[in-house]
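The residues making up each chain are set out below.
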Amino acid sequence: MPFTRVLAVAPVMAIEPAVEWYERLFGRPADARPMDGLADWHVSPQAWLQVFESPEHAGGTLVNLVVVDLDQARSDLADRGIRAGEIQSGAGEVRFAAVHDPDGNRVTLIENPVAG
């Protein structure tokens, strides 16, 4: 069974404060607001992150986003008022750092030269 897209969902307590935070994370407004309580960011042609108001599920999501330059990504986030955690090393040349949205959903930025 082939799949054509990946759609990750981050449930949040309240949509508007979450949208403001994710706008800072991505450095731009949502690509779509298809209905009340929902906002989409298209992070690549086949991958979207959707923020969805669902208080009963908020706070437990883990999302990984691959970046080209982790140091630059952390600096860009700091300029937008989001402080990433310490850089950690993975296998090989992989490095990563995490941020958390206001509801506790974890977004990990991963620099993986092999994935490029």
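Preceding block: the structure.
Residues numbered from 1 in each chain as written. Predicted model: local features only at pLDDT ≥ 70, side-chain atom pairs only at ≥ 80, totals over all residues. Heavy atoms only, no water.

1. What about the overall build of the protein?
Counted only if it meets this: For the purposes of this entry, the term helix denotes a DSSP run of H or I that reaches at least four residues, the term strand denotes a run of E that reaches at least two, and both are numbered from the N terminus. When we talk radius of gyration, it's over C-alpha atoms, and the globule rule is simply 2.2 Å times the number of residues to the 0.38. Here's how the labels work: a residue is buried when its accessible area is under 20% of the maximum for its type, exposed when over 50%, partly exposed in between, all with a 1.4 Å probe on protein chains only. In what follows, a contact means two residues having at least one pair of non-hydrogen atoms within 4.5 Å. When charges are counted, neither His nor the chain ends are considered; positive counts come from Lys and Arg and negative counts from Asp and Glu. Charge placement uses NZ in Lys and CZ in Arg. For Asp and Glu, CG and CD serve respectively.
When its secondary structure is counted, the protein shows two helices and seven strands. Start at the N end of the protein and walk to the C end: the helices and strands fall as β-α-β-β-β-α-β-β-β. A compact globule built from 116 residues should have a C-alpha radius of gyration of about 13 Å, and the protein, at 14 Å, falls within 12% of that. With respect to the principal axes defined by its C-alpha atoms, the protein has extents near 40 × 40 × 25 Å. Taking all 116 residues of the protein together, the buried fraction comes to 35%. Across the protein, the fraction of contacts at a sequence separation of at least 24, relative to all contacts at a separation of at least 6, is 51%. Considering the protein, the positive charge centre built from 9 side chains and the negative charge centre built from 17 side chains are found 4 Å apart.

2. Comments concerning the sheet that holds strand β4 (residues 62-67)
Test applied: Pairing between strands is defined by DSSP: at least two bridges between them are needed. For helices, the fitted line uses only the C-alpha atoms of the stretch in contact; every axis is such a line through C-alpha atoms, and the angle between N-to-C directions lies from 0 to 180 degrees.
Read from one edge to the other, the open sheet built from four strands follows the order β4-β7-β6-β5, with strand pairing classed as mixed. Each having just a single partner strand, β4 and β5 (88-89) make up the two edges of the open sheet. Where strand β6 (residues 95-100) and strand β7 (residues 106-111) come together, six bridges link them in antiparallel fashion. Note that in β7 the partner of Phe-96 across the bridge is Ile-110. Seen against the sheet, helix α1 (residues 15-26) touches β4, β6 and β7 and runs at an angle of roughly 155° to β6. Where helix α2 (residues 70-79) meets the sheet, its contacts fall on β4, β6 and β7, and the angle it forms with β6 comes to roughly 20°.

3. Re the pairing of strand β3 (residues 47-53)
Relative to β3, strand β1 (residues 6-12) runs parallel, the two sharing seven bridges. Its bridge partner lying in β3, Ala-8 is registered against Leu-49. Both strand β2 (residues 38-44) and β3 contribute to a ladder of six bridges, which runs antiparallel. What sits directly across from Trp-41, in β3, is Leu-49. Linking two consecutive strands that pair antiparallel, namely β2 and β3, is a turn of two residues.

4. As for the sheet that holds β1
The mixed open sheet is built from three strands, whose spatial order is β1-β3-β2. Bordering the open sheet on either side are β1 and β2, each of which pairs with just one other strand. Shown here is a sheet whose adjacent strand axes are inclined to one another by a mean of 20°, direction ignored. Strands β1, β2 and β3 of the sheet are contacted by α1, whose axis makes an angle of about 15° with β2.

5. Concerning the nonpolar core
Short version of the rule: Remark: nonpolar core denotes a set of buried residues (Ala, Val, Leu, Ile, Met, Phe, Trp, Tyr, Cys) joined through side-chain atoms within 4.5 Å.
The biggest cluster of nonpolar side chains holds 26 residues, and the ones touching the most others in it are Tyr-22, Leu-25, Phe-26, Trp-41, Val-51, Val-99 and Leu-109. Sorting the residues of this core by element identifies β1, α1, β2, β3, β4, α2, β6 and β7 as the ones contributing at least two each. Broken down by element, the residue count for this core peaks at seven residues, all from α1. Beyond its immediate chain neighbours, meaning those up to four positions away, Phe-26 contacts Trp-41, Val-43, Leu-49, Leu-65 and Arg-80.

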